[in-house]
Amino acid sequence: MPRPLLSRAITVAARRAAAPGNLRFTQRQLYYETCRVLRPRPAPLRSVPYSPPPPVRLPHFTEALHTLDLPGLLPATTPAPTTGGPAREPDLYDYGVPRLLICQHREIAGMLLANHVHLEAACPILAAPDDLPLDPRLTRALGQAGDATVHVLHDASPTGITLPVKVRESLGPVPGVRVVSLGLVPRHAQTLHLVHGRRPGRVPPIGPLPHGLKAAEVDWLAAGRFAEVAAVPPARLVRAVLRLTRGPRPVRASVWSELRDLRTAGFMTWPDA
């Protein structure tokens, strides 16, 4: 692809990623937004579930990005701050914590924090690479809240879909704490038409599988496909996280409620049991 055309697409994508309200976004989110600019969804296919491959290779995007100065783009090398650690919030452990969000990637955690999602949702946001296993004091605070919920935001990938189980194991025998997956799973990627990646060859067997994962989704993952949370448009991601974390404790929805949730937020919740 000619460099001027790619640079123009990145500039347009940056404006879209920041809307509305001058959102902050990561380099990975900008890459997927650029993919949507370069390959918009044809109107006849908007209601058909599918997950397209990327129209531009990530190295080509990264090379073109280095020549641009884009407002709203978060630094690629800055680690995400941690909300809930003793260094940043020493008083947190003195109170019950009714909800907590754990992100698979520190970049996504940092993006949500940069957009003040933790303040609006009254929900600490942690990054799994930095904060698992959870601090015992935080685990105790979750137990003190009574009926607390730990939300897990992860990729539609073998590593991602098994993260809620690992979080559950890290909590130990804490009564009244529920672990809930916010997605992604393969059907979310297809419903939202998210760009997917693909690893060469088949992947090892996945387990333990979360409740509700269909056989076709297992095959999708076994073929080496994956979809990242970063592929969800930033504004849609923020709205979904806010809606699902600051509301009442989630319960199993009917089929029609699940379909409504997929249309409005792109995510569906279920306990990992």
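Look up: the structure comes first, before these words.
Residues numbered from 1 in each chain as written. Predicted model: local features only at pLDDT ≥ 70, side-chain atom pairs only at ≥ 80, totals over all residues. Heavy atoms only, no water.

### What about the pairing of strand S4 (residues 177–181)?
Of all the five residues making up S4, five are buried; the element is thus mostly covered by neighbouring parts of the structure. The alternating pattern of S4 places Val177, Val179 and Ser181 on one face and Arg178 and Val180 on the opposite face, and all of these are buried. As paired strands, strand S3 (residues 148–153) and S4 are joined by five bridges and run parallel to one another. Looking at the pairing, Val150 lines up with Val179 of S4. (Buried < 20%, exposed > 50% of the residue type's maximum accessible area, 1.4 Å probe, protein only. Helix = DSSP H or I, 4+ residues; strand = E, 2+ residues; numbered from the N terminus. Pairing = 2+ DSSP bridges.)

### Brief notes about unusual backbone geometry
Omega for the bond connecting Leu132 with Pro133 falls within 30 degrees of zero, at 0°, which places this linkage in the cis form. With respect to the helices, strands and loops of the structure, Pro133 is situated in the loop between helix H6 (128–131) and helix H7 (136–145). A cis amide bond links Gly183 with the next residue in sequence, Leu184, at an omega value of 15°. The residue Leu184 is located in the loop between S4 and helix H10 (186–191) in this model. The backbone phi angle of His116 is positive, close to 65°, even though this residue is not glycine. Relative to the assigned elements, His116 resides in the loop between helix H4 (106–114) and helix H5 (117–120). Under the relative-accessibility criterion, His116 is labelled partly exposed at 48%.

### Structural notes on the pattern of salt bridges
One pass over the structure, following the stated rule, counts seven salt bridges. Linking Arg28 and Glu228 is a salt bridge whose minimum nitrogen-to-oxygen distance equals 2.9 Å. Taken together, the positions of Arg28 in helix H2 (residues 27–38) and Glu228 in the loop between strand S6 (225–226) and helix H12 (234–246) put the pair 200 residues apart, joining distant regions of the chain. Given a relative accessible area of 35%, Arg28 falls into the partly exposed group. The buried category is assigned to Glu228, whose relative accessible area is 12%. Across the pair Arg137 and Asp135 runs a salt bridge, and its minimum N-O distance is 3.1 Å. (Salt bridge = Lys/Arg side-chain N within 4 Å of Asp/Glu carboxyl O.)

Honestly, that's just the spatial picture; any functional story needs more than this.
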